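Chain and residue survey
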Amino acid sequence: MYRTRQAFSSLLPFTPLSNVERYSSWLVRSQISPAAKSMSCPGTPLKRGFAAAPPPPPPAEPEAQESFLNGTSGAYVEEMFEAWSLDPKSVHVSWDAYFRGGAYQAPPSLGNSTRPNEIPLANMLPGLIGSSMMQGGGAPSTQIIDAHLAVQGTIRSYQVRGHLAANIDPLGLNNIDTEQAKKMIIRSVTVDSKDFKEKDLDTVYQLPQTTFIGGSDTSLPLREIISRLEKVYCGSIGAEYMHIQDLDQVNWIRQKLETPGALTLGNDDKRRLLARISRSAGFENFLAKKWTAEKRFGLEGVEMLIPCMKQVIDRSTEQGVECVVMGMPHRGRLNVLANVCRKPLEQILTQFAGLEAADEGSGDVKYHLGTYIERLNRSTNKNIRLSVVANPSHLEAVNPVVEGKVRAEQFYRGDTEGKKAMSILLHGDAAFAGQGVVYETMHMAELPDYTTRGTIHIVANNQIGFTTDPRYSRSSPYCTDVGRVVNAPIFHVNADDPEAVLLVSNIAAEWRATWHKDVVIDLVGYRKFGHNEIDEPMFTQPIMYSIIKKHKNVLDIYSDKLIGEGVVTKEEVDAVIDKYEKICEEAFKKAGEETQVFHKHWLDSPWSGFFEGKDPLKVSDTGLHEDTLVHIGKRFSQGPPNAPDFIIHRSMERILKARMEMVNKREIDWALAEALAFGGLLKEGIHVRLSGQDVERGTFSHRHHVLHHQTKDRSTYKPLANLYPDQAPYTVSNSSLSEYAVLGFELGFSMTNPNALVLWEAQFGDFSNTAQCIIDQFIASGQAKWVRQSGLVMLLPHGMEGMGPEHSSARPERFLQLCADDPEYFPPEEEEFAIKQLSHINMIVANCSTPANYFHILRRQTALPFRKPLIVMTPKSLLRHPECRSSFDEMLPGTEFKRMILDAGPAGQNPSSVKKVLFCTGKVYYDLLKERRERGLEDQIAIHTIEQISPFPFDIMKKVTDQYCNAELCWVQEEHKNMGAWTYVQPRTQTAIGGYHRLLQYIGRETAPSPATGSKATHYKELKHFLAQAMSL
């Protein structure tokens, strides 16, 4: 308290101030002092600059002797400024130069100001006007003004920088020295305190409207002001919120934190809190006792995570939330499943037994698994659905998946305000600061088609990352500073103070319910053991862990506190601990009786009723009636009906006209095929969501699913959203410039409802590799690890067209390498060959050559009796290629997707006389057709395309190679030999042939480290070379 008094003596009107200008002097000189700066409203920029300029000449006597507020000099300057504002020539040239220099600022007025950059002094000092403290019964004295504004500046300083002095580290290692912290908080003035007296702390000051520490009191002694500020801002909670730009939100937090009694808990709440801590600590103790050498990534050191989460959920449920989706890393996951979700303990404990699974899938380690629980929340007596999304060891990768899943939950519930479904994301301190996907995900928080109306982030802060100290793992003061990007309030809280954690949990839940914005809880604790339980942390953090070994755990700390308060007895504490241990022992006994485990028990996104009553080997018809095609095509080719004032761009009018002409001719291009596929699904009640960079127009200006009024901002029309009055909703949205987070988001969205078509399109397929983590850890392996299906579609523009290394290849070889079909296994040839292949594969990879085939493969995604991810290499130049057209006849009922498109020309009619068979996929098909036509080799060379590369069409390939028994077999691709589909197709073709007695030859570019050349001349030279090789006989 002594250091505080020393600091605050600088704020009193009773001691001489040095190096600081008094506020009354500022009013005369029109300069900003620190105290005045601290009075600025958050988010209100100062309208005038303060460039150096000579002040006007000093006023003549007696004006120079008068107080500015009480005399004529202030009024005179005001009058000069008003006159200059109306007409600069009406004042003397010296005044003109002074005002133009920007050195003058009008002072705060005592009355109601009409100027946007002025703060009425009456608002600063409520209650002072007309009091006995006024000078001569009129305006307050300069001494009083200085004193009160200094006090108000101090209050603001605590609100802005008080967290620097907060006692948030339970180990005491990183708490800033108190003296240093005070200097950082109160840094506006220097002080000569020789005249400082104890009685000065008892001076009563009027409290400003920017604080709530007074409660019902409007004024307090300075001693009490200091005490309350320190209790709120320098205790176990370090609150960062003054960076928020919305003043209403700032005041909301001020009131929650500063109101007297905010930290007070009733005895029932304290006993409930103790019980929850005992369960959290008891679970970890039980696992440590039973499996001493097993990795479990326990919560010891941040056991308060469980009561924190439970309180957030309880308070959110009270606010109307029905569904909570959680994402988290491995640390504490089992405890969350057991004590937050209340997953049956025996199912958790069987994961330690190493039993074989009774159902499909390869499974995952226990601390990666998710779950879905629907149960009664006993605290609120309301049903709640809790889902923990399964995740890999790639920290923070699950964040966008959770957000996408929550967005889908809100969408299908019609929860536009986010009141029914919400997300909770748990983080480690090192990962929250270090992983870029954290920023990418938070960056979507306010985007209209991606927002989830607020996420509660909880950081289990161990103050260490594996073996790395924070000073080596981040440049920011806190691991949570990324939260400032979205104006999220950040609450650092000492994890050894349960009641402070409970207060912060309540504030976070209420903030999200009130403002529907993100909030961060930084739960500062420690990690009792190493990175895992068998790791030795003393190798790298000897000082920290020597302290940890002596440190009492939070259960002992809090139980001792409550016993001391008389809230509970020692016997009651022991009874609570023993009760939970018995529960764990009973579950352990049940788990020991199990002989197998089930992956389905860990499913995080169950699709109730989806698989029931379906023939698992039947695909619904993907064709559409012609009248449906015509109706969708015509609506897609027009602007808004009955809106002649909607002005469309001239070039867009030509595009719409061309579409209408195609519909009348009964033919389609790529863009029209996609629109017809979408439109048919929408008519059938299936929601379609298309997301990605520039998808509304399309990277190559081909799609145009959103028409823009040319003279009215934000006036748009979506033809596909207005096809039928009872259609399903259509969502098309340009995303932020992110692949990793947006692809993860769409994956999460696709997990919620199987009866929807969710698509993500890369700007160029080349850029999808920045989302490789989502592709590898979730899309390709998600079903095998977590029994979780997804029908997500990835559209990847691909094609070697002389556009350089980063605008040519979507890397199809990488996706094909991830496909899990055996190159040496030819499945039994039977009627259900194709559908069984799709059922067994982990994902589908295709490169369609015709618009009709693209139409069918999109519609097949929702026609299948199961869901598989679909990767489509989409075209670029083919979007406008005159030969890349399809007829309506190829999309009518009874038509279907073609896994291979076989040559129907002269070569196909007489296969035995064909000398060469070229297999290919994608755009190169049209290059080969043109080259063959120009050389007149239609009857000697057959060209077939493989449309669905994986799963591989073994049966069709066998049939084709048998038919062309005398021909040389070649695979032609435009990619380099070490890329593209060659290494996938070659061994599978040999299996289809029946061995290596007849070899498939390679034709294409040679091996290279880069996907494409940067020289167009070299590109065309390479193309000409391999086309000539393909046509040689």
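Here we summarise the structure given alongside this text. (Residues numbered from 1 in each chain as written. Predicted model: local features only at pLDDT ≥ 70, side-chain atom pairs only at ≥ 80, totals over all residues. Heavy atoms only, no water.)

**Examining the packing of aromatic side chains**
Per the counting criterion, the structure on display carries 24 aromatic pairs. Consider the rings of F826 and F954, whose centres lie 5.5 Å apart with planes at 40°: the pair is tilted. Of this pair, F826 sits in the loop between helix 29 (812–818) and helix 30 (833–840) while F954 sits in helix 34 (residues 954–963), placing them 128 residues apart in sequence. Overall, the relative accessible area of 1% leaves F954 in the buried class. Taking NZ or CZ as reference, K868 lies 5.9 Å from the ring centre of F866, over its face. Over the face of the ring belonging to Y984 we find R988, whose NZ or CZ atom lies 3.6 Å from the ring centre. (Phe/Tyr/Trp six-rings, centres within 6.5 Å; stacked < 30°, edge-to-face > 60°. Helix = DSSP H or I, 4+ residues; strand = E, 2+ residues; numbered from the N terminus. Buried < 20%, exposed > 50% of the residue type's maximum accessible area, 1.4 Å probe, protein only. Lys NZ or Arg CZ within 6 Å of the ring centre and 35° of its normal.)

**So, the nonpolar core**
With 242 residues, the main nonpolar core has M326, L918 and L928 as its most contacted residues. Counting residues per element, this core draws most heavily on helix 25 (residues 670–683), which supplies nine residues. Formed by eleven residues, the second largest nonpolar core is a distinct cluster that contains V438, A445, V482 and A488. (Core = buried A, V, L, I, M, F, W, Y, C linked by side-chain atoms within 4.5 Å.)

**Looking at the pattern of salt bridges**
Summed over all chains, the structure comprises 46 salt bridges. The salt bridge involving R471 is made with D469; its shortest N-O contact spans 3.3 Å. What makes D469 buried here is its relative accessible area of 15%. E883 is paired through a salt bridge with R933; the nearest N and O atoms lie 3.0 Å apart. Of the two residues, E883 sits in the loop between strand 21 (870–874) and strand 22 (886–887) while R933 sits in helix 33 (residues 924–935), which places them 50 residues apart along the sequence. By relative accessible area, R933 is classed as partly exposed at 42%. Salt bridges here are not isolated pairs; linked through shared partners, they connect E322, K405, E409, R413 and K420. (Salt bridge = Lys/Arg side-chain N within 4 Å of Asp/Glu carboxyl O.)

**Some details on helix 21 (residues 554–565)**
Helix length check: helix 21 (twelve residues) gives 16 Å between terminal C-alpha atoms against 16 Å at 1.5 Å per residue, within 8%. Of the positions making up helix 21, those classed as buried are V554, L555, Y558, S559 and L562. Axial view of helix 21: buried residues confined to an arc of 120°, hence all on one face. The N-terminus of helix 21 is capped by N553, whose side-chain oxygen sits 3.0 Å from the backbone nitrogen of L555. In the stretch just after helix 21, G566 is the one whose phi turns positive, near 80°. (Expected span 1.5 Å × (residues − 1). Arc of directions from axis to C-beta. Polar contact = N/O pair within 3.5 Å; in protein donor to acceptor, adjacent residues only side chain to side chain.)

**Some details on the packing of helix 12 (residues 305–318) against helix 19 (residues 498–515)**
Helix 19 packs onto helix 12 with a crossing angle of 40° between their chain directions and a minimal axis gap of 8 Å. In terms of axis orientation, helix 12 runs oblique to helix 19. For the crossing formed where helix 12 meets helix 19, the hand is right-handed. Residues C308, Q311, V312, R315 and S316 of helix 12 lie in contact with helix 19, whose contacting residues are V501, L502, S505, N506, A509 and E510. Of the residues contributing to the contact of helix 12 with helix 19, the split by class is five nonpolar, four polar and two charged. (Axes fitted to C-alpha atoms, helices over the stretch in contact; angles between N-to-C directions. Parallel < 35°, antiparallel > 145°, perpendicular 65-115°, else oblique. Left-handed = near helix turned anticlockwise from the far one by under 90°. Contact = heavy atoms within 4.5 Å. Nonpolar A, V, L, I, M, F, W, Y, C, P; charged D, E, K, R; others polar.)

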